[in-house]
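Structural overview
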Amino acid sequence: MTKVVLGVGALVFVWAAPAPAQPAFTGSHVYDFQAYAGAGLAAVPGPGQLSTDAFSAFFGSSLNCSYGSTSCTAATFAHGLAPSGFLTGLWAFTTDAVNRIFGVVSNGNAASGMRFRNATGAPITALRIRYDAWYRNSDILNTELRLRMTIGTGTPSLLDSYTSPLGESTPPVWVRRVRTVERDLSSTPIAVDQVFSFSFGFLDGSLGGVGDEVGFDNFALFAGTGPLCGDGVVEGGEECDTGSSLGNSPCGCALDCTWPAAGVSCAAAGAACDASACNGAGVCVPAYAPAGTECRAAAGPCDRAESCTGSTASCPADAWRPDGSSCSDGTTCNGDEVCAGGACAAGTPLGCDDGNLCTADSCVEPDGCVATPIAGCCNGDAECDDGDPCTTDACSGPGGTCTYSPISGCCTSDADCDDGNDCTSDACDPGTWRCTATPIPACCLTAADCDDGDPCTSDTCGTGGLCASTPIPDCCNTDGDCDDDDPCTTDTCSGPGGACGHAPIAGCCLTAADCDDDDPCTTDGCTGPGGACTHAPIAGCCVEDSDCDDDDPCTADSCAAHVCAHEWICGADADADADADADASEDAPDDGPVEDDAATDADAVED
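None of the values given here were measured: they were computed from a predicted structure. (Residues numbered from 1 in each chain as written. Predicted model: local features only at pLDDT ≥ 70, side-chain atom pairs only at ≥ 80, totals over all residues. Heavy atoms only, no water.)

**Looking at the overall build of the chain**
Each helix and strand in the chain was counted, giving two helices and 41 strands. Burial statistics for the chain: of 607 residues in total, 34% are counted as buried. For the chain, the share of sequence-separated contacts (at least 6 apart) that also reach a separation of at least 24 residues comes to 46%. Accessible area of the chain: about 31,900 Å², with a carbon and sulfur share of 54%. (Helix = DSSP H or I, 4+ residues; strand = E, 2+ residues; numbered from the N terminus. Buried < 20%, exposed > 50% of the residue type's maximum accessible area, 1.4 Å probe, protein only. Contact = heavy atoms within 4.5 Å. Areas by Shrake-Rupley, 256 points an atom, 1.4 Å probe, with all protein chains shown as cover.)

The structure is reproduced here in structure tokens:
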């Protein structure tokens, strides 16, 4: 259900050509205005606004908010929410504590309207309409209200009008008239997707005058014929229908033509103990709230809460608590309050002086008295302790100031005790807060403090007062200092603070490598570390050809790779003879040298 309220003064509501955003009428449509807050009209409505796709307003050529306008949300078009108002333009009027209507105050030339598009899927040949017409007559003149309808771009036709009696409400109050209309459209049906619109307007007094507030609410539109709630005839499932008096009493016939449910309150306004309720059939059954039911809450600490008596609809008269009763006004510094003539009267203000000259005393809500210490203030020496053992702390007197006198020779850390002597260990004794200087063993101030009596060391006094004795390279005091671990040297020292000598021992060797005689035909060896070299000849080894002479004139003797070779150089016969001789020699007994045979062979060869 969409909620809408419209109101005008001498105005007409007119719909323009169809648009996709126009409200689609599918057979029934109801508008009310409980969410409307008089915040204007907008293409994209925000809270409290109505859509310009459905509504328009006109208050003269310079104050026109047509259908589809982007925004009409200020001044004339947005006077807001109020029970009444006299500025020309659009309002959201409250006719009671709950109900809102779409309201208008006219300037004598105004118009507004709402439109629909036939989305029923068939031509509309009849319409039924019910709406609430509201007015608040601010003068004795009458007010005329009118409802017109336009199909498409046709001529508007009057559907309904109402003229209030002269001087109907003095002083002015809101008056509602439930109006119903049934219209036969069979001769001029509303085609499918055709736009049709309604205009509302009023004229403030046939005799002249402007300024009355007017509004419309609960606009209900139905297609076709049938029962119409508000026409004064109970029909079509209606429980009741009292016509223009619908909804005018708590238990009377409601706006939807039903009786209010049983139990709905019909208590008199302002009667706090009235528990009267509807019986569900239009009757208000009198009843009183049970005794003890609170009907008026206490309005303050010195007011009483009243309760119903159970025998009357009225709440007992308001009464105060007795004078002198304790109460609280929510504050602390004004003392303990008591009731006086229904009001909570302040007591004696709190006294916050704590007698301490070193505090600033004040009263602070809601805690009460606060004593804030005064920085640097003291009442006695004990309050001046700065935690430093090297100061004498004293207070100049009550409400005075502290002084801190340094104590000579006092220390709080080792750093306070440096005596400038590198050969002392300086420290602060936490028991006495005095410095100690302990001599450091082996500490020095000059190189002379570091002589270790060894002529083979260079003695110096290093950083931090510590001696350093650096050995002098190659220095010796005795022969034992010169041992080079070589058994083939004789090690000697030239004297204390002298130099070492290492004389080689002739023929001494450590390994076979020390014995190489450069002779490839000997095997060189060493009898052990510190021993003697040996050179054993290698059998058959040669160095040059002369080492291979076998005294045989028929061989050419040579040495190659330290091995002898003997190549035969005599002729073939000689070779045969030689072979024969060799054979004979092998067969003959060994009875003497063979040199003569060789010579004989040689002579034979020469012959």
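**With respect to the pairing of strand β39 (residues 531-537)**
Pairing between strand β37 (residues 508-509) and β39: two bridges, direction antiparallel. Note that in β39 the partner of C509 across the bridge is G531. Here five bridges tie strand β38 (residues 522-526) to β39, and the two strands are oriented antiparallel to one another. Bridge pairing links C526 to C533 in β39. Following β38, the chain reverses through four residues before pairing antiparallel with β39; G528 in that reversal takes a positive phi of roughly 145 degrees. (Pairing = 2+ DSSP bridges.)

**A short note on the nonpolar core**
Ranked by internal contacts, the top residues of the largest apolar core, which has 42 residues, are L90, L127, I129, F196, F198, F219 and L221. The element contributing the most residues to this core is strand β12 (residues 126-136), with five residues. Membership of the second largest hydrophobic core comes to seven residues, among which are A82, F93, W134 and W174. (Core = buried A, V, L, I, M, F, W, Y, C linked by side-chain atoms within 4.5 Å.)

**Description of the state of the cysteines**
Evaluation of the coordinates by the stated rule reveals 30 disulfides. Between the sulfur atoms of C273 and its disulfide partner C308 the distance amounts to 2.0 Å. Disulfide C273 to C308: torsion about the S-S bond roughly -95 degrees, handedness left-handed. One end of the pair, C273, is in the loop between β17 (213-223) and β18 (277-278); the other, C308, is in the loop between β21 (306-307) and β22 (326-327), and 35 residues separate them in sequence. Judged on exposure class, the residue C273 and its partner C308 are both buried. (Disulfide = S-S within 2.5 Å.)

**Comments concerning the sheet that holds strand β35 (residues 489-493)**
Strand order in the open sheet formed by three strands is β34-β36-β35, with antiparallel pairing between adjacent strands. Each end of this open sheet is capped by a strand with a single partner; those strands are β34 (475-476) and β35. The pairing of β35 with strand β36 (residues 498-504) spans five bridges and is antiparallel. Across the sheet, residue T489 finds its bridge partner in β36, namely P504.

**Brief notes about the side chain of D393**
Along the chain, D393 turns up in strand β28 (residues 391-395). Here D393 is buried and forms no salt bridge, its nearest opposite-charge partner R434 lying at an N-O distance of 14 Å. Within the structure, the side chain of D393 is placed 3.4 Å from the backbone nitrogen of D386, a separation counted as a polar contact. Side-chain polar atoms of D393 contact the side chain of T391, separated by 2.9 Å. Setting aside chain neighbours within four positions, we find D393 in contact with D381, C384, D385, D386, T403 and Y404. (Lys, Arg positive; Asp, Glu negative; His and termini not counted. Salt bridge = Lys/Arg side-chain N within 4 Å of Asp/Glu carboxyl O. Polar contact = N/O pair within 3.5 Å; in protein donor to acceptor, adjacent residues only side chain to side chain.)

**Here's the deal with the packing of aromatic side chains**
Within the structure shown, the criterion is met by 20 aromatic pairs. Judged by centre distance (5.4 Å) and plane angle (15 degrees), the rings of W91 and F93 are stacked. Of the two residues, W91 and F93, neither departs from the other in class, the shared state being buried. Both rings, one in F200 and one in F216, keep their centres 4.3 Å apart while their planes meet at 45 degrees; by these two values the pair is tilted. Placement of the pair is F200 in strand β16 (residues 195-204) and F216 in strand β17, with a sequence separation of 16 residues. Given a relative accessible area of 1%, F200 falls into the buried group. A relative accessible area of 3% means that F216 is categorised as buried. (Phe/Tyr/Trp six-rings, centres within 6.5 Å; stacked < 30°, edge-to-face > 60°.)

**Focus: the sheet that holds β37**
If you trace the three strands from one edge of the open sheet to the other, you get β37-β39-β38, paired in antiparallel fashion. Either end of the sheet is taken by a strand with one partner, and the two such strands are β37 and β38.

Coordinates in, geometry out; function isn't part of it.
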